[in-house]
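Architecture at a glance
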Amino acid sequence: LLLKSLIVKDADITFHDVTKGEKNNPILIRNLNLFVTDIGIDKDMKIDLSTDLTIDKDDFKLKGPLALNIVSNTHLKSFKWDSTEFNGKVDFDKIQLNYRDAFVKSNKIPFHFFIQGLVTPEKIEVKNLKLSLENLLAKLSIIIQNKGDLNSNMDLDLSTKHIEELKQFFPKHQKLLSKGSFDLNMRAQGALKKLNTMKSNLNLKLNLLNSDLNLSANGSSLQPIRSTFQADSK
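A few points on the structure. Along each chain, the written sequence defines residue order, and numbers are assigned to residues from 1. Only residues with pLDDT of at least 70 get local features here, since the model is predicted, and only at 80 or more are side-chain atom pairs given and counted; chain-wide, interface and lining totals rely on the full set of residues. Side-chain measures were taken over the full set of non-hydrogen atoms in the model, leaving aside hydrogen atoms and water.

1. Points about the pattern of salt bridges
Side chains bearing opposite charge may pair, as long as their charged atoms lie close to each other. Whenever Lys or Arg places a side-chain nitrogen within 4 Å of a carboxyl oxygen from Asp or Glu, that contact is recorded as a salt bridge. Under the defined criterion, the tally for this structure stands at six salt bridges. In this structure, Lys61 engages Asp56 in a salt bridge whose closest nitrogen and oxygen atoms are separated by 2.6 Å. Burial classes: relative accessible area under 20% of the type maximum marks a residue as buried, over 50% as exposed, and values in between as partly exposed (1.4 Å probe, protein chains only). According to the relative accessible area criterion, Lys61 is partly exposed, its value standing at 41%. Between Asp157 and Arg187 there is a salt bridge, with the nearest N and O atoms lying 3.4 Å from each other.

Right, here's the structure in full:
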């Protein structure tokens, strides 16, 4: 069975929280265009979505175009769902964003991420999620098994070679962003539904104004945070 295409053109959607009445500003989705092609088994199904978003809350404002492109392929085994592979890109390049004036992005700053993964009846695996914002680079991988407790293994790498170039995004904390670089590696293992038993370890290499700091931490709980820290510097 193959469905050649599914198309939504120029749709407008309004999300309104009725519990807050007129005081609540709605989330507006305008000019939504969705093109899904080759919907079937063992086919590269392509999803292309573009829209204009408007979110105007007291502490969070977002406005501008968003684009999403995903390719996925679903496989059956003995007439049962076996697995789904996917990869894609989400593009926030032209989005204006402001979160409590603590994080601000203009519509002239490229901001996007790539994602690749695999879903099976036993697990969800995000092999490679890469985020790019100016010179800030992030890479995340996560494997979730046993969907009841959401047993997980997570790896996060976050780095920048020029901290001072991030001042435009953090107007409230510009004085903290001196010339330098950092490289953060974080690992976490355990059940997402039991953060109090989730183990973690962290390594941070920080260079500010030609100084150096190496920080490591090992934790036995994420909620509340229980961890031992060690720091050294030349």
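2. A look at the side chain of Thr160
Topologically, Thr160 is positioned in strand β11 (residues 151-160). N or O atoms within 3.5 Å of each other form a polar contact, as long as, within protein, one can give a hydrogen and the other can take it, and as long as residues adjacent in sequence are counted only when both atoms are side-chain atoms. Side-chain polar atoms of Thr160 contact the backbone nitrogen of His162, separated by 3.3 Å. What Thr160 contacts, discounting residues up to four positions off in sequence, is Asn135, Leu136, Leu166, Ser181 and Phe182. Secondary structure elements follow DSSP: runs of H or I no shorter than four residues count as helices, runs of E no shorter than two count as strands, and numbering proceeds from the N terminus. Contact criterion: two residues are considered in contact whenever any of their non-hydrogen atoms come within 4.5 Å of each other.

3. Quick look at the environment of Asn203
Among the structural elements, Asn203 can be located in strand β13 (residues 199-208). Residues in contact with Asn203, not counting those within four places in the same chain, are Asp183, Leu184, Asn185, Leu215 and Ser216.

4. Overview of the nonpolar core
Joining through side-chain atoms within 4.5 Å is the link that ties buried Ala, Val, Leu, Ile, Met, Phe, Trp, Tyr and Cys residues into a set, and such a set is a nonpolar core. Core analysis: the largest hydrophobic core is formed by 28 residues, its most contacted members being Leu62, Phe92, Leu133, Phe169 and Phe182. Those elements that place two or more of their residues in this core are β2 (27-40), β3 (45-56), β4 (60-77), β8 (111-119), β9 (123-133), β10 (136-145) and β12 (180-191). When sequence neighbours within four positions are dropped, the list of residues in contact with Phe92 reads Leu66, Lys105, Phe111, His112 and Phe113.

5. A look at the packing of aromatic side chains
The aromatic pairing rule takes the rings of Phe, Tyr and Trp, using the six-membered ring of Trp, and pairs them if the centres are within 6.5 Å, calling planes under 30 degrees apart stacked, those over 60 edge-to-face and the rest tilted. The final tally for this structure, using the stated rule, is five aromatic pairs. Relative to Phe113, the ring of Phe92 lies with its centre 6.1 Å away and its plane at 35°, an arrangement referred to as tilted. Placement of Phe92 in the loop between β5 (80-91) and β6 (96-99) and of Phe113 in strand β8 is noted, with a sequence separation of 21 residues between them. Take Phe92: its relative accessible area is 18%, and that puts it in the buried class. Feature note: the residues Phe92, Phe111 and Phe113 constitute an aromatic cluster, connected by ring pairs.

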